Amino acid sequence: MEDLSFVSLALLAGALLATGLVAGIIAGLLGVGGGIVIVPVLYYMFTALKIDPAILMHVAVGTSLATILATGTSSARAHYNRGSVDMDLLKRWWWAIAIGVISGAMIAGNMSGGALTLVFGVVALLVSANMLLRKEGSALADKLPGSPIKELLGFLIGGISVMMGIGGGTLGVPTLTLFNYPIREAVGTAAAIGLIIAVPGTLMSIFFGWGAEGLPPLSLGYVNLIGFFLIIPASTFAAPLGAKIAHAIDPSKLKLIFALFLGFTGLRMIYDVMM
């Protein structure tokens, strides 16, 4: 894909446009968004396009983080206007999350593509298991723990999320609801956490990927600009279609579908690394 020919650019653009459409439909269908959908779809698309395996996952993660800059801003603003963002928690938590993001990005920038893929696969499996096995409304405690456990949780959410190229929802929402947070407030606060993850995460993806060999055409470090400009409008366009389909399906079945999707994705990524 180093060749900037019309054919290579057309193949890349078509694949990334398809990524946005697939991610949008799944996001609308399952009520999720961000990298937990975009990263695995990019992973499969880049694999099909024969992007160098050494950087494939880095580019998927970096491009996903960049898209969260746009989608996360819109989502966080909407939740904030509805009063569902816990600003008091963010004021006490943001620095721990940010330190986790910087630490995770530094680790990811120096990891092999296989190791980064393995991280995504293992965490995707854990998230899948949580969705399948955790009972609705179950909580570990009535409120978040005090220091330093609370800060450690923020650090882990930031660090693991940036290594996976995801926003705050995938790990933030389960963590907050585990400590008896109302679901709407958990979702809104997690949307804001996504921005704390995406801004430094994107900048560090550009830094660590600068000058890397085998990058897809028109990449700024590990952020592919074609993906950035195609995925956002395509996913925004396709999401209502997924939402329309969702209204015709039992919500419990949707949750099962997403959990199985994550589980399959996690196992496939682990298998690809191990074989």
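Up top is the structure these notes are about.
Predicted, not measured: the structure shown is a model, and the values here were computed from it.

Chemist: Give me the overall build of the protein chain: which residues, what numbers.
Modeler: Scanning the protein chain from terminus to terminus reveals 10 helices and two strands. Listing the helices and strands of the protein chain from first to last along the sequence gives α-α-α-α-α-α-α-α-β-β-α-α. Each of the three principal axes of the protein chain carries a C-alpha extent, and together these read 55 × 45 × 40 Å. Counting across all 275 residues of the protein chain, residues that qualify as buried make up 49%. Considering only residue pairs separated by 6 or more positions, the protein chain has 81% of its internal contacts joining residues 24 or more positions apart. With the model as given, the accessible surface of the protein chain reaches about 13,000 Å², and the carbon-plus-sulfur share is 70%. Each charge class in the protein chain was averaged separately, 14 positive and 12 negative side chains, and the resulting centres sit 11 Å apart.

Chemist: Tell me about helix α4 (residues 87-109), and please be specific about residues and values.
Modeler: The terminal C-alpha atoms of α4, which comprises 23 residues, lie 31 Å apart, in line with the 33 Å expected from a rise of 1.5 Å per residue. At W93, α4 shows its strongest bend, of approximately 50 degrees. Residues of α4 that are buried: L89, L90, W93, A96, I97, A98, G100, V101, G104, A105 and A108. Tucked into the core, α4 has its buried residues touching α3 (53-81), α5 (113-133), α6 (149-164), α7 (169-178) and α8 (183-209). Looking at where α4 begins, the residue whose side-chain oxygen comes 3.2 Å from the main-chain nitrogen of D88 is D86.

Chemist: Give a detailed account of the packing of α7 against α8, specifying residues and quantitative values.
Modeler: Packing of α7 against α8 brings their axes to within 9 Å, and their N-to-C directions diverge by 145 degrees. Handedness of the crossing formed by α7 with α8: right-handed. Between α7 and α8, the residues in contact are G169, G172, V173, L176 and T177 and I183, A186, V187, T189 and A190, respectively. Class assignment of the residues belonging to the contact of α7 with α8 gives a composition of six nonpolar, four polar and no charged.

Chemist: So what's going on with the environment of K143? Which residues, and what values?
Modeler: Relative to the assigned elements, K143 resides in the loop between α5 and α6. Separated by 129 residues in sequence, K143 and D272 have C-alpha atoms that sit 40 Å apart.

Conventions adopted
- Residues numbered from 1 in each chain as written.
- Predicted model: local features only at pLDDT ≥ 70, side-chain atom pairs only at ≥ 80, totals over all residues.
- Heavy atoms only, no water.
- Helix = DSSP H or I, 4+ residues; strand = E, 2+ residues; numbered from the N terminus.
- Buried < 20%, exposed > 50% of the residue type's maximum accessible area, 1.4 Å probe, protein only.
- Contact = heavy atoms within 4.5 Å.
- Areas by Shrake-Rupley, 256 points an atom, 1.4 Å probe, with all protein chains shown as cover.
- Lys, Arg positive; Asp, Glu negative; His and termini not counted.
- Charge placed at Lys NZ, Arg CZ, Asp CG, Glu CD.
- Expected span 1.5 Å × (residues − 1).
- Bend = angle between axes of the 7 residues up to and from the residue.
- Polar contact = N/O pair within 3.5 Å; in protein donor to acceptor, adjacent residues only side chain to side chain.
- Axes fitted to C-alpha atoms, helices over the stretch in contact; angles between N-to-C directions.
- Left-handed = near helix turned anticlockwise from the far one by under 90°.
- Nonpolar A, V, L, I, M, F, W, Y, C, P; charged D, E, K, R; others polar.

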